[in-house]
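Geometric and topological summary
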Amino acid sequence: MMDDLDAFIAGLPKAELHLHIEGSLEPEQMFEFARRNGVAIPFDSVEAVRAAYEFSNLQDFLDIYYAGADVLRTEADFHDLALAYFQRAAADGVRHAEIFFDPQTHTQRGIPFGTVVEGLLAGMAEAEARLGVTSQLILCFLRHLDEEDAFKTLAQAEPWLHRIAGVGLDSSEMGHPPSKFARVFAAAADKGLKRVAHAGEEGPADYVREALDLLQVDRLDHGNRSLDDPALVARLARSGMTLTVCPLSNVKLCNVAAIDAHPIDRMLDLGLRATVNSDDPAYFGGYIGENYRAVARGRGLDRRQLATLARNSFLGSFLPDAAVAAHCAAIDAWLAEAR
Ligand SMILES: [Zn+2]
């Protein structure tokens, strides 16, 4: 039985702006892909995989994440992975998603760039046709690798750049500041690509400043540690910078002590354009709906605050203005209807 709040959240039109498609690989699907591709995995059951999903920090998680991604081999795998995500997202009221993929995780294993991107694009097209969920693709560079490797990846992407909305920066944050990638982000900007970057998840507020000043990001992924620096908060609020916040991820990776201590409502109160997203939902305990429900209960958010978070997700998206206005009107209609 769905209660009123759950029904309100499920029906609230929303965009997801921080989702790593490889992080939506459910244990069941990991086994299915391993079987059909004849790949050995270091787990003997779905339960064993779930038991391994107890992390104490970002690196713990990344070690398992990269092992799991090894089962992804064919265009069909990437298509099926994407479609499974969109089915869950649609059920959670997602109308638009801007999804990350990590080409280097796959090209390093000998999987061609084209296999990954064609599979994902096919899944995205099918999701739009069948579920009415629009989407865009963001190519993320792995920051634990060097900038030269990122440049190589950008060159591999060349034939598909007209179908890729932007570039991002993810993986191990500590010790890999945004400044390491300033030149490749400038090259991406020259090609007309949008820029986003993970910053201030575990790393300091200074990394957020670097993402703004050196990478010229259009959007900031996480950004939680900005709260340590009032001048930076004021700057983010003034410029209307979108923060793609991931509540359950923050708790799972021990960046926030508990969901009832999450700063999401403080961010809104400070005038930050915060959004709610799932990050790596198969690993962190839930999809976007679960994240909305968790902060709604944990922080006692009311419908008006939940609608603000949803509105922010469209305002922070790369959709054209007319589409943003239409989605925001749908939020207002739902708010009025649900009252
Ligand atoms: Zn992330």
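Let us look at the structure shown here. Numbers given for residues are sequential positions, taken from 1 along each chain in its written order. Under the rules for a predicted model, residues below a pLDDT of 70 receive no local features and side-chain atom pairs below 80 are neither given nor counted, while totals for whole chains, interfaces and linings still include all residues. Hydrogens and waters are ignored; side-chain quantities use all the structure's heavy atoms.

**Some points on the side chain of D265**
Each helix is a run of DSSP H or I of at least 4 residues and each strand a run of E of at least 2, with the numbering of both proceeding from the N terminus. By the element assignment, D265 lies in helix α13 (residues 264-269). Should any heavy atoms of two residues lie within 4.5 Å, those residues are counted as being in contact. In this structure, D265 is in contact with R299, L301 and Q305, ignoring residues within four places of it in sequence.

**Quick look at the coordination of the zinc ion**
Six octahedral donors around a metal ideally sit at 90 or 180 degrees from one another, while four tetrahedral donors ideally sit at 109.5 degrees. The donor definition counts N, O and S atoms within 2.8 Å of each metal and applies 3.2 Å to Na, K and Ca; water is not among these atoms, so some sites may look incomplete. Surrounding the zinc ion are the protein donor atoms H18 (NE2), H20 (NE2), H198 (NE2) and D279 (OD), at 2.1 to 2.2 Å. In this structure, the zinc ion is surrounded by four donor atoms whose angles at the metal cover 83 to 172 degrees, and the resulting shape is irregular. Taken in chain order, the donor set of the zinc ion reads H-x1-H-x177-H-x80-D. Placement of the pair is H20 in the loop between β1 (14-16) and α2 (27-37) and D279 in the loop between β8 (273-276) and α14 (281-284), with a sequence separation of 259 residues. In short, tetrahedral needs four donors with all angles between 85 and 135 degrees, square planar needs four and octahedral six donors with opposite donors over 155 degrees apart and all other angles between 65 and 115, and whatever is left is irregular.

**Observations regarding the nonpolar core**
In summary, soluble globular proteins display a tendency toward joint burial of nonpolar side chains. Nonpolar cores were defined as sets of buried Ala, Val, Leu, Ile, Met, Phe, Trp, Tyr and Cys residues, with membership established by side-chain atoms within 4.5 Å. Type-normalised accessible area, obtained with a 1.4 Å probe on protein chains alone, sets the label of each residue: buried when under 20%, exposed when over 50%, and partly exposed for intermediate values. If you look at the biggest cluster of nonpolar residues, it comprises 106 residues, and the most contacted ones within it are F101 and Y283. Counting six residues, the second largest nonpolar core, distinct from the first, contains F100, I138, A165 and V196.

**Description of the sheet that holds strand β3 (residues 134-142)**
The eight strands are arranged β1-β2-β3-β4-β5-β6-β7-β8 in an open sheet whose pairing can be described as parallel. Each edge of the open sheet is held by one strand with a lone partner, namely β1 and β8. When the angles between neighbouring strand axes are averaged without regard to direction, this sheet yields 25 degrees. Two strands pair under a simple rule: DSSP has to find at least two bridges between them. Inspection of the sheet shows strand β5 (residues 194-199) paired to strand β6 (residues 219-222) by four bridges, in the parallel sense. For A199, the partnering residue across the bridge sits in β6 and is H222. Angles run from 0 to 180 degrees between N-to-C directions of axes, and those axes are lines fitted to C-alpha atoms, restricted for helices to the stretch in contact. On the sheet, helix α10 (residues 205-213) packs against β5 and β6 and is oriented at approximately 170 degrees with respect to β5.

**Re the pattern of salt bridges**
The salt bridge criterion pairs a side-chain nitrogen of Lys or Arg with a carboxyl oxygen of Asp or Glu, the two atoms within 4 Å. The tally for this structure, following the rule as stated, stands at 22 salt bridges. The residue D6 makes a salt bridge to R297 at a minimum N-O spacing of 3.0 Å. Highlighted residues: D6 in helix α1 (residues 4-11) and R297 in helix α15 (residues 288-299), separated in sequence by 291 residues. For R297, a relative accessible area of 46% corresponds to the partly exposed category. Across the pair R130 and E126 runs a salt bridge whose closest N-O atoms are separated by 2.6 Å. Residue R130 and its partner E126 are located together in helix α7 (residues 113-131), separated by four residues, close to a single helical turn.

**Digging into the pairing of β6**
Place the viewer so that the strands point away; then a crossover is right-handed whenever the path from the first strand over the helix to the second strand goes clockwise. Taken together, β5, α10 and β6 form a β-α-β motif whose crossover is right-handed. Summarising the sheet, β6 and strand β7 (residues 242-245) pair through two bridges and their orientation is parallel. Across the sheet, D221 pairs through a bridge with T244, a residue of β7. For the crossover from β6 across helix α11 (residues 230-239) to β7, the handedness is right-handed.

**Comments concerning unusual backbone geometry**
Although it is not a glycine, Q216 adopts a positive phi angle of roughly 55 degrees. On the secondary structure map, Q216 appears in the loop between α10 and β6. In this model, C254 sits at a positive phi of 65 degrees, which is unusual for a non-glycine residue. Take C254: it is sitting in the loop between α12 (247-252) and α13.

**Concerning the state of the cysteines**
By disulfide we mean two sulfur atoms from cysteines, separated by a distance within 2.5 Å. The full count for this structure, using the stated rule, is zero disulfides. Unpaired in terms of disulfides, C254 finds its nearest cysteine sulfur in C246, a separation of 15 Å. In this structure C254 comes out as partly exposed when scored by relative accessible area, which is 48%. No disulfide involves C328; its sulfur sits 20 Å from the nearest other cysteine sulfur, which is in C246. In this structure C328 comes out as buried when scored by relative accessible area, which is 11%.

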